[in-house]
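Residues per chain, in single letters:
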Amino acid sequence: MKLGIVGGTAFEDPGALLDGTQSQTFTIGDGPVIFYTGTLAGTAIETIYVQRHGTDHGLPPHRVPYGPHAVLMRDLGVDAVLGTAICGSLREELPPGSVVIPDQVVDLTGRRGPQDVRAQWLHLPFGEPYCPQLRACAAAVEPANATGFAAAGCIATIGGPRFASRAEARWLAAQEWDLVNMTQATEAYAFRQAELCYLCIAFVTDYAYGLDFSDDAAIDTSMGKTLEMFRSILRTGPHHLVRVGQALTTRSLDSEEPASCRCQRPMPAEYYKEASA
Ligand SMILES: [Zn+2]
């Protein structure tokens, strides 16, 4: 049994999550991608980690190799993947410092893909973008020091790399979605195509631009608060991620019970169609 971690912004130090780290370099396109192998910090859980945005945070959201990450995780024998997401909040009830286990995504990236996970395309069921079994395990792990905690929520995924305009943020909030981010719809789709169970832990750093319910006009102040929150996540986030990883592996993946999710089941034949090209 192996756990996979996709470390997003604020979770880009493998040493904070893994013990005994070793690295292996793969080539994706014309660039190197490093996968780190070790055990989840303080445990014996075999874990493979990749930085979503590459070395030195060099890849913006629209250039992250979501598909190859999923394929490599699968080929390296990973059973379940835990991804992190730094998000803006669209709801006053989820203030900066909240932790959310999202259950839904809305893809506003303009069909970013990825298209390179499978040799054949398919009409993919995506009613549950995140593994419900992993979500149930993670919901039992209440984060320490969080200002809010929600075991469900919808992430609107925008293309980025710019943030939403004030009008866009207000429109997103008016849809009654909960969070906004730039990676989640694409990444969840990549891992579903790879037939791997995938879970996201979302960390709220701020309200989406123009939605600061406490101080609507003070943008400079908000940026300062965001940086402060970011530093807080750097300090406390890895510990929470390790606790969730332990919960996933001890309560779910080691169970003799069959998986209650459909993430890893082969798709019915009627969903497949030969690529015409
Ligand atoms: Zn699953």
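Check the entry above for the structure.
Notes on the structure follow. (Residues numbered from 1 in each chain as written. Predicted model: local features only at pLDDT ≥ 70, side-chain atom pairs only at ≥ 80, totals over all residues.)

1. Side note on unusual backbone geometry
Stated formally: Strands are runs of DSSP state E lasting at least 2 residues, helices are runs of H or I lasting at least 4, and numbering of each runs from the N terminus. With C-beta atoms placed from the backbone, a residue is labelled by how many other C-beta atoms lie within 10 Å of its own: buried for 20 or more, exposed for 12 or fewer, partly exposed between the two.
Residue proline 161 is bonded to the preceding glycine 160 through a cis peptide linkage, with omega at 0°. Note on placement: proline 161 falls in the loop between β9 (154-158) and α3 (166-174). A positive phi angle, close to 80°, is found at alanine 10, a residue other than glycine. For alanine 10, the location among the structural elements is in the loop between β1 (3-7) and β2 (18-28). The buried category is assigned to alanine 10, around which 21 C-beta atoms lie within 10 Å. Phi at glutamate 195 is positive, roughly 60°, even though this residue is not glycine. With respect to the helices and strands, glutamate 195 occurs in the loop between α4 (184-193) and β11 (197-207).

2. Points about the environment of glutamine 51
Selection rule: Any pair of residues counts as being in contact when their C-beta atoms, constructed from backbone geometry, are within 7 Å of one another.
Structurally, glutamine 51 can be placed in strand β4 (residues 46-51). On the neighbour-count criterion, glutamine 51 (25 C-beta atoms within 10 Å) is buried. Sequence separation between glutamine 51 and isoleucine 5 is 46 residues, and the spatial gap between their C-alpha atoms is 8.5 Å. Among all residues touching glutamine 51, those that are not within four sequence positions of it are Gly7 and Glu12.

3. Things to note about the pairing of β11
We apply this condition: Pairing between strands requires that DSSP locate at least two bridges from one strand to the other.
Counting buried positions along β11 gives eleven out of eleven residues, so the element sits mostly inside the fold. One ladder, built from ten bridges, connects strand β5 (residues 80-89) with β11; its direction is parallel. Looking at the pairing, valine 81 lines up with tyrosine 198 of β11. Bridge count for strand β6 (residues 98-100) against β11 is two bridges, and the pairing is antiparallel. Along β11, the bridge assignment pairs valine 100 with alanine 202.

4. Quick notes on the nonpolar core
Nonpolar side chains in soluble globular proteins tend to end up buried together. Using the following cut-off: Nonpolar core, as used here: buried Ala, Val, Leu, Ile, Met, Phe, Trp, Tyr and Cys residues forming one set through C-beta atoms within 7 Å.
In this structure, Val81, Leu196 and Ala202 are the most contacted members of the largest nonpolar core, which totals 78 residues. Residues contacting valine 81, with those up to four places away along its chain left out, are Gly4, Val6, Met73, Phe191, Leu196, Cys197 and Tyr198.

5. Considerations on the packing of helix α1 (residues 66-75) against α4
How we decide: For helices, the fitted axis covers only the stretch in contact; all axes are lines through C-alpha atoms, and the angles between them, taken along N-to-C directions, range from 0 to 180 degrees. Note that the term roughly parallel is reserved for angles under 35 degrees, roughly antiparallel for angles over 145, roughly perpendicular for angles of 65 to 115, and oblique for everything else. Left-handed describes a crossing whose near helix is turned anticlockwise from the far helix by less than a right angle; the clockwise case is right-handed. Three categories are distinguished: nonpolar for Ala, Val, Leu, Ile, Met, Phe, Trp, Tyr, Cys and Pro, charged for Asp, Glu, Lys and Arg, and polar for the others, with Gly belonging to the last.
Close contact between α1 and α4 brings their axes to 9 Å; oriented N to C, the two are set at 40°. Taken as axis vectors, α1 and α4 run oblique relative to one another. In this structure, the crossing between α1 and α4 has a hand that is right-handed. When α1 is examined against α4, the residues Tyr66, Gly67, His69 and Ala70 are found in contact with a partner set consisting of Thr186, Glu187, Ala190, Phe191 and Gln193. In terms of residue class, the contact of α1 with α4 is made up of four nonpolar, four polar and one charged.

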